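Survey of secondary and tertiary structure
Below are the chains, spelled out letter by letter.
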Amino acid sequence: MLKKVILAFISLILLISVTGCWNYSEVDDISIVAGVGIDKGESEGELSVTVEIVDTKEGMKSSPAGFKILTLSGKTIFEIARGIISITGKKLFWSHSKAIVLSEEVAREGVIKVIDWYNRDTETRSDVYIFVSKEKTAKEVISLSSVTESITAFALAQQMRSEKNVSTAPVVEIWDFIDKLEASGEFAMAPLIYIHEQNKIKNARVSGTAIFSMDKMVGTISGEETKYMLFAKDQIQGGVLTVNDKQGKTAFSLEILSNKTKVKPVWIDGKLQMQINTETQVGLDEVMTPEEFNNINSKNVLEERAGKELQERILSIIHRVQKDYHADIFGFGELIHERMPQTWKKVKENWGQEFSELDVVVNSKVIIKSSGQTSRSIQTH
Amino acid sequence: MEEQTAGGNRKDSQQNTTSGQTPSTSLDEMMNLFRQIFKDDGTLRIRVLNNEGSEILRFGLVNVDGMVDKHMIQEGVIKPLMAFDFTRMEYGNTAELMEKIRTQVINVTDVVTSTDLNEMISAIIAGKTLLLLDGYAGVLTIGAQGWDKKAITEPVTEKSVYGPREGFTESLIVNLTQIRRRVQDSDLKFIFSKIGSRSNTQICICYMESLASPSIVKELQDRLRQVDIDLVLDTAYLSELIRDEPFSPFEMTGSTERPDSLVSKMMEGRVALLIEGSPYAMTVPYLFVENFQASSDYYINYYFGSFNRMLRMVGAFLSISIPALYVALVTFSQEMIPTQLLLSIATSRVAVPFPTVVEAVFMLTIFEILREAGERIPTYIGQAISIVGALVLGQAAVEARLVSAPMIIVVGLTGIMTLLNSRLTGPLIIVRALLLCASFMLGIYGYFLGMLGLVIHLMSLRSFGVSYMLGIGSIRPQDIKDTAIRAPWWHMHLRPAMIGARNRKRKGSNKIERRP
């Protein structure tokens, strides 16, 4: 046993030691790429690539690095990537790139041709976040300067890391994206990115989801819808759940503490049905009404109402994706593939269509774990 | 104490002067002979005495000035000889008389009869006093040496906040008493011999008879016998001559100036070698882990002791790795550095004219220069000066953009880590340079290749037949209780098997009853 552990440890060390390429180059002789935006070029069949390069010349003393934006057009991504050396004079260093932004136009035409290089090249990393720009071009987004970080791509990466507190956009890294492109029972998606303008300061804001069918973008869903979509995919780690009061007005905010979603394909009356059961632990975080909730009964009522609303919303987004896009971003196909391999063989050929007609049942349960610092609502006299 | 004939150190010079000569019965001839042998040696003192009562009895005293306890000679030899009433004594010949003087007249502990001229000469050189008697072809050798000795002081190189503060001195006999005071057991053996064909330095092999392996004792004696050198000033001379693997940068024999540390090593079955004139005792066999053991580990709480020891081990590892890894990461594997760190390294590297490896070599050399300079300065200010020097120099170098700021951190860390293990400083510098070289040429791959080479080298070393390091396969839990951690005493029942295999029980297994 001990020998096996040691052997594993040794192979781990060897594994580390042989990664990376051993080309000698000083850090000051490379241009570190922070992020990249891909647009269509001006002439037909051309691509335009915008790279955000960390500028190490600036800010030598205190805060490290400003940035430089370079745009170049060409026929293939690699041609452009090498072409940029003629501008910078330094080799581009892709390993620290954090974000790749595709324009909607490029996404709708098909992404395989633009991301293959990124996936294939030895210097690029597959843990880069992928985005689809809701603005006209990806260049606009990548050229922004952000509030928190001076480098947009790093700010975007930071946003994605804290996205779990919001859950209004899926977090997609490029390896995951390519994995979904290749899977027959699940469709790919990517977060949408906007420019949010406030006091004449432009910020990039991530909200909503771009839905892909095969490698082409077919549509979008909003940030709010994305949240319920993530519920169905069991990818919720946090965020806010709003609940209406008796009159149908939004009155409660529940903080999602944890969520567990179980999806099960079953045969009912000769028809395939997906049963989705969600169980969400929440904390009561905001009450905008004097309505009583501090006794067991009112808590149960609120839990029930929240569960019902959640259930409806999840179902509604599933129906919408089924009807409008025929794209199984929920991964139901993969699930059937796993649980019912025989059935999958029959349906996989025409899965897009089968998915649209799939019967889905949602059952949601919300459990209020705490009520914050106070147990009562603010009462007026 | 047992006197052994020293091997290897044939006294060629003295044999030439005394060859073919035998002690004469005439006092005057004998005195002339000594005068001739010690020609041009102004320290030789010869004195002739007569007894009050019987004036025919003529005595001669020969010794070397400065090495004799004059008071003892005066009270124990001269006074009794002059005052003794020889008329009451009955004796047949001068030999009988000499024997009676030895047993009845002389008031000194260490008196032996000698008839060999070579023996007499070495006795004079060693500070003993010869008593000659006219008409007898022999002498009494009186061991009344006395010279100024340094007092027992705190060890300089192995300071410890806790535990005993005594250190060895330059006097062999004082050192041996320090050992004996700590282990009052007849099992403790001291074997004396002489080494150095001209210096005739007294050395002492010291061990616990029932614990030390006889083959190691014999091997040490055999190796010492083969030593043929004119002068031995310190155990380091002998260590270098008799050690295993003479080309390895790592120490293959232990060296300590703490009696407590030496005794504890002997209690694990090690054999010690002490020499006259050096406060450093040598111990064999030596294991790699002893580089990290400090005596204070045993005098403080075992959690803290273990923590300190692990710090030292990590320090040794980092001090060879940090510069090599930094160079490998910054010049080859930039993708492995966290982005923010890479950016700050990149910004500080801007406008630095030299490649990273040149920076590293440059700064590491400067650090070593400062360290050496600090050592040469005779007071403890030395270290402060070297640190201040490094800081000021480092600061200025960064501002002048000769080196980048991260490099200063790398070199500073490396330096501090090296100071954690003062005993390993030498080997660490060499290994660090080799690893740096490998990293510069092959990147991370080169670093690991170098590390692999280092491990293979360490694993292949043997000190007096004992492996320097243990392989994974030969580790036994009981043997590693005093390695990376220092296990509590109530847990260390046995001595490590590699050295102390003869008598493994260290402590009984009974539980100490504690009543609250």
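Residues numbered from 1 in each chain as written. Chains lettered and ligands numbered in written order. Predicted model: local features only at pLDDT ≥ 70, side-chain atom pairs only at ≥ 80, totals over all residues. Heavy atoms only, no water.

The Subcellular location (unreviewed entry) field of the UniProt record for chain A holds the comment "Membrane". Under the Sequence similarities (unreviewed entry) heading, UniProt states for chain A: "Belongs to the GerABKC lipoprotein family." (UniProt positions renumbered as here; feature names shortened; annotations may be inferred.)

This part covers the packing of aromatic side chains. All names here are of chain A. All told, the structure shown has 22 aromatic pairs over all chains when counted by the stated rule. Taking the centre distance of 6.2 Å and the plane angle of 15 degrees together, the rings of tyrosine 228 and phenylalanine 231 count as stacked. One end of the pair, tyrosine 228, and the other, phenylalanine 231, are both in helix H9 (residues 223-232), 3 residues apart, so they sit about a helical turn from each other. There is no split in this pair, since tyrosine 228 and phenylalanine 231 are both buried. With centroids separated by 5.4 Å and ring planes inclined at 20 degrees, the aromatic side chains of phenylalanine 330 and phenylalanine 332 adopt a geometry described as stacked. (Phe/Tyr/Trp six-rings, centres within 6.5 Å; stacked < 30°, edge-to-face > 60°. Helix = DSSP H or I, 4+ residues; strand = E, 2+ residues; numbered from the N terminus. Buried < 20%, exposed > 50% of the residue type's maximum accessible area, 1.4 Å probe, protein only.)

Another point: the nonpolar core. In this structure, Phe131, Leu156 and Ile193 of chain A are the most contacted members of the largest nonpolar core, which totals 47 residues. Per-element tally for this core: the top contributor is helix H13 (residues 356-376) of chain B, with 7 residues. Those residues in contact with leucine 156 of chain A, other than ones at most four positions away along the chain, are Ala99, Val101, Phe131, Ile193, Ala204 and Val206 of chain A. Among the nonpolar cores identified, the runner-up in size contains 46 residues, and Ile211, Val243, Val263 and Tyr325 of chain A belong to it. (Core = buried A, V, L, I, M, F, W, Y, C linked by side-chain atoms within 4.5 Å. Contact = heavy atoms within 4.5 Å.)

Attention now goes to the environment of leucine 12 of chain A. Residue and element names in this part refer to chain A. Here leucine 12 shows up in helix H1 (residues 2-18). Leucine 12 sits in the partly exposed class, given a relative accessible area of 49%. As a C-alpha pair, leucine 12 and alanine 190 span 178 residues in sequence and 33 Å in three-dimensional space.

This part covers helix H11 (residues 302-331) of chain B. Residue and element names in this part refer to chain B. The end-to-end C-alpha distance of H11, which contains 30 residues, comes to 42 Å, matching closely the 44 Å that a straight helix rising 1.5 Å per residue would cover. Residue serine 321 marks the point of greatest curvature in H11, where the axis turns by about 40 degrees; the proline proline 323 follows within four residues. Backbone nitrogen of tyrosine 303 and a side-chain oxygen of the N-cap are separated by 2.6 Å at the start of H11; the cap is asparagine 301. (Expected span 1.5 Å × (residues − 1). Bend = angle between axes of the 7 residues up to and from the residue. Polar contact = N/O pair within 3.5 Å; in protein donor to acceptor, adjacent residues only side chain to side chain.)

So, about the domain arrangement of chain A. All names here are of chain A. Taken domain by domain, chain A holds domain 1 (1-221) and domain 2 (223-381). Averaged C-alpha coordinates put domain 1 and domain 2 at centres separated by 32 Å. At the interface, 24 residues of domain 1 touch 27 residues of domain 2. Considering only the surface of domain 1 that becomes buried against domain 2, Ser167, Phe187 and Ile221 emerge as the three largest contributors, covering 31% of it. (Domains from an automatic or database assignment. Buried area = accessible area lost by both parts, 1.4 Å probe.)

All names here are of chain B. Ordered by their spatial adjacency, 5 strands build an open sheet running S2-S3-S5-S6-S4, and the pairing between neighbours is antiparallel. Each edge of the sheet is formed by a strand with only one pairing partner; in this case those strands are strand S2 (44-50) and strand S4 (111-114). On average, adjacent strands in this sheet sit at an angle of 25 degrees to one another, irrespective of strand direction. When strand S5 (residues 129-133) meets strand S6 (residues 139-142), the two strands line up antiparallel, connected through 4 bridges. In the sheet register, leucine 130 faces S6, and the bridge partner there is threonine 141. Across the face of the sheet, helix H2 (residues 27-37) comes into contact with S2, strand S3 (58-64) and S5 while running at roughly 170 degrees to S2. Against the sheet, helix H4 (residues 94-105) touches S3, S4, S5 and S6, its axis set at about 140 degrees to S5. (Pairing = 2+ DSSP bridges. Axes fitted to C-alpha atoms, helices over the stretch in contact; angles between N-to-C directions.)

What follows covers the sheet that holds strand S13 (residues 359-370) of chain A. All names here are of chain A. Pairing is mixed in the open sheet, where 4 strands are placed in the order S10-S11-S12-S13. If you trace the sheet from one side to the other, it starts and ends with strand S10 (240-244) and S13, each paired once. Each neighbouring strand pair of the sheet contributes to a mean axis angle of 40 degrees, computed without reference to strand direction. Across the sheet, H9 lies against S10, strand S11 (250-268) and strand S12 (271-287), angled at about 45 degrees from S11, the strand it touches most.

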